[in-house]
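The chain contents come next:
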Amino acid sequence: TAADAARWYLKRHRALFGLGSLNQLALVSANRLAGSNGYAVNFRQVFGQLHAAEGGQVAVGVAGSKKRGWRVVYVSSGLTRDRALAGSARLSAAQAWVTAARTVGLRRSIVDVLSRKHARGWTQLGVSGLEAQSARLVAFPTVRSGVLPAFETLVLDTAKPLAHRIYVDARN
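On a predicted model such as this, the values are computed, not experimentally measured, just so you know. (Residues numbered from 1 in each chain as written. Predicted model: local features only at pLDDT ≥ 70, side-chain atom pairs only at ≥ 80, totals over all residues. Heavy atoms only, no water.)

Draft legend 1. Examining the confidence of the model for the protein more closely. Across the protein, the average pLDDT comes to 93, with 100% of residues at or above 70. The least confident element of the protein, judged by mean pLDDT, is strand β10 (residues 162-169) at 90; the most confident is helix α1 (residues 2-12) at 97. (pLDDT = per-residue confidence, 0-100. Helix = DSSP H or I, 4+ residues; strand = E, 2+ residues; numbered from the N terminus.)

Draft legend 2. Structural context of the pattern of salt bridges. Overall, the coordinates contain 3 salt bridges when judged by the stated rule. The partner of E152 in a salt bridge is R165, and the shortest N-O contact between them spans 2.2 Å. Placement of E152 in strand β9 (residues 147-157) and of R165 in strand β10 is noted, with a sequence separation of 13 residues between them. Classification of E152 by relative accessible area gives buried; the value is 2%. Taking relative accessible area as the criterion, R165 reaches 48% and is therefore assigned partly exposed. A salt bridge links R171 to D169, with the shortest nitrogen-to-oxygen separation between them at 2.8 Å. R171 gets classed as partly exposed once you look at its relative accessible area, which sits at 27%. Of the residues examined, D169 reaches a relative accessible area of 22% and is grouped as partly exposed. (Salt bridge = Lys/Arg side-chain N within 4 Å of Asp/Glu carboxyl O. Buried < 20%, exposed > 50% of the residue type's maximum accessible area, 1.4 Å probe, protein only.)

Draft legend 3. Looking closely at the side chain of R108. Its location among the elements puts R108 in the loop between α3 (93-103) and β6 (113-119). Despite its burial, R108 remains without a salt bridge, the nearest opposite charge being carried by D112 at 4.7 Å. At a separation of 3.1 Å, a polar atom in the side chain of R108 contacts the main-chain carbonyl oxygen of S128. In this structure, R108 is in contact with W97, V98, R102, V127, S128, G129 and L130, ignoring residues within four places of it in sequence. (Lys, Arg positive; Asp, Glu negative; His and termini not counted. Polar contact = N/O pair within 3.5 Å; in protein donor to acceptor, adjacent residues only side chain to side chain. Contact = heavy atoms within 4.5 Å.)

Listed below in structure tokens is the structure:
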């Protein structure tokens, strides 16, 4: 398949991408490009159980078929050479959301978080006076501090209107 061809290419050139193995790459998608025999194959780095956010991705363009063979025609990488998380999460999803909300001027505390529900890797938060809010634990690659456990938060206030995606260091 196109995904197998892309994986073979990455395995063969893993030193170039700073990969010890492909065990830390999860296939995100393999889509045929309309009107061609080309495919866009996307992978995301995984650190333990956490998927990388903001970087940690590689896209491989392959053309051909199983019968005629595959060739790599394009590669774009935002992979990090780090292989492990720098620390562990100490904050809860609700604490991280409150921190994020305060950075954008919303005055909320942990007591304003009335409910928590988990769906598709996200923690959905019911917050007093606001629409549903969200947070999820991810791996955040940095230039100097390695890969940090962080919460990706969505802070929404339809009264203003306000919508922000904020990453909060989960080690605090």
